[in-house]
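# Chain and residue survey
Chain residues, written in single-letter form:
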Amino acid sequence: MATYRIISPNSWMQTLNCLLGYLTMRLLLVKAISHLTAVDSKHSKISIIHSVYMVIETSLIKLDEAVDEGLKLSAGSKVLLPTGDEAEIYGFIAIDDDILSINVDTPPLGECQVFSNRVIFFLEKHLLRFPIFKSVCKTTADRYGVYLLYVPKLCHLPSEWHRKYYKESMRKEKPHPQVWQIEGIRIEENVAYYYPEESDLYFESNSKLEGIGSGFVVVTRRISPLSGDIKYEIFDSHSVVVER
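A brief report on the enclosed structure follows. Small disclaimer: the values here were computed from a predicted structure and weren't measured.

### As for the layout of surface pockets
Gaps left between atoms show up when a probe the size of a water molecule is rolled over them. Quantified by volume, the largest pocket comes out at close to 620 Å³. Looking at the lining of the largest pocket, the elements that each hand over two or more residues are strand 7 (118–123), strand 8 (126–131) and helix 5 (160–171). In terms of residue count, the dominant contributor to the lining of the largest pocket is strand 8 (six residues). Estimates place the volume of the second largest pocket at around 480 Å³. When residues of the lining of the second largest pocket are traced back to their parent elements, those giving at least two are helix 3 (63–68), helix 4 (152–155), strand 15 (210–213) and strand 16 (215–223). Broken down by element, the lining of the second largest pocket gets its largest block of residues, three residues, from strand 16. Along the lines of polarity and charge, the residues of the lining of the second largest pocket split into nine nonpolar, seven polar and 10 charged.

### Remarks on the pattern of salt bridges
Scanning all chains against the criterion turns up 10 salt bridges. Measuring nitrogen to oxygen at the nearest pair gives 3.1 Å for the salt bridge that ties E69 to R244. Of this pair, E69 sits in the loop between helix 3 and strand 2 (73–74) while R244 sits in the segment after strand 18 (241–243), placing them 175 residues apart in sequence. For the pair E69 and R244, one class covers both residues: exposed.

Criteria and cut-off values
- Residues numbered from 1 in each chain as written.
- Predicted model: local features only at pLDDT ≥ 70, side-chain atom pairs only at ≥ 80, totals over all residues.
- Heavy atoms only, no water.
- 1 Å grid on protein atoms, 1.4 Å probe; cavity = no way out; pocket = protein on both sides within 12 Å on 5 of 7 lines; lining within 4 Å.
- Points joined across faces, edges and corners; volume = space filled by probe spheres on them.
- Helix = DSSP H or I, 4+ residues; strand = E, 2+ residues; numbered from the N terminus.
- Nonpolar A, V, L, I, M, F, W, Y, C, P; charged D, E, K, R; others polar.
- Salt bridge = Lys/Arg side-chain N within 4 Å of Asp/Glu carboxyl O.
- Buried < 20%, exposed > 50% of the residue type's maximum accessible area, 1.4 Å probe, protein only.

Shape descriptors only; they carry no functional weight alone.
In C-alpha cells:
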C-alpha cells in the first residue's frame, strides 16, 4: 500500500528556495564561463573560480533591494521567479507595506486575472480592482498633486469622511475643501498636494495616473509550458530577482 507524507509549508518554501538557488547558480555559471574564454592561460584556477563567483554575486538582485539602491524598475524587464522560471515584468502594484494593516490593498499572490491596466479579483462577492503601474522608483519630489494620485493607505483611512475627502480630491481637479485634514495633505493655491515620507516609492502608469506607496508587488507575464497560454502572476518584491 502506498504511503504519503504531508510536507509542511516551511518545507515547501525551503525546497523552492533551494531550487531557485540551484537554477540561478547554473544560469550564472553558464554566463560566467562564457566570459572565461578571454581569461589568459596564465591565470590560476583560483582566479577563474573567483571570477565565476564575482559574476554570480553581482549579476542578480532582488527587486525591492534594487529600488532601495536607487534603481528604477520598468515593465518589460526580464526576471527570474522563485520557481526558477524566467518571465518578464508586466507591471507593479503599489501597496501600503504595513505588517499591522488589516486592509486589503493588494490582490492575492499567485496567478491572477489582468484586464489591460488592472488586476481584478473577487473577495466575498465584491469585485476589487488594482491599478498596474509601468515603473517604480524612489520618490524624487517633495510633493505630488492629489488629483489622479493613487495612495493605497489613503484608501483605507480609519475615518470614512477622510476616505471620502481623498477619493473625491483624487478624481476631481478641484479638491474637497476638507481634504487638508488628512495627514500628509495640504491645499496650496487651491491645489491639494500629498507630501510623501522619505521611504515612499513613486509609480508611473501609461496614463496620467500616478502612485505613491511604501512597498510594491510585481505582476509578471510568461508563457505556460503546459497550455501555451499567457500566464500572469503576482509575487512579493523580495522573491523575484532581476539582472543589474
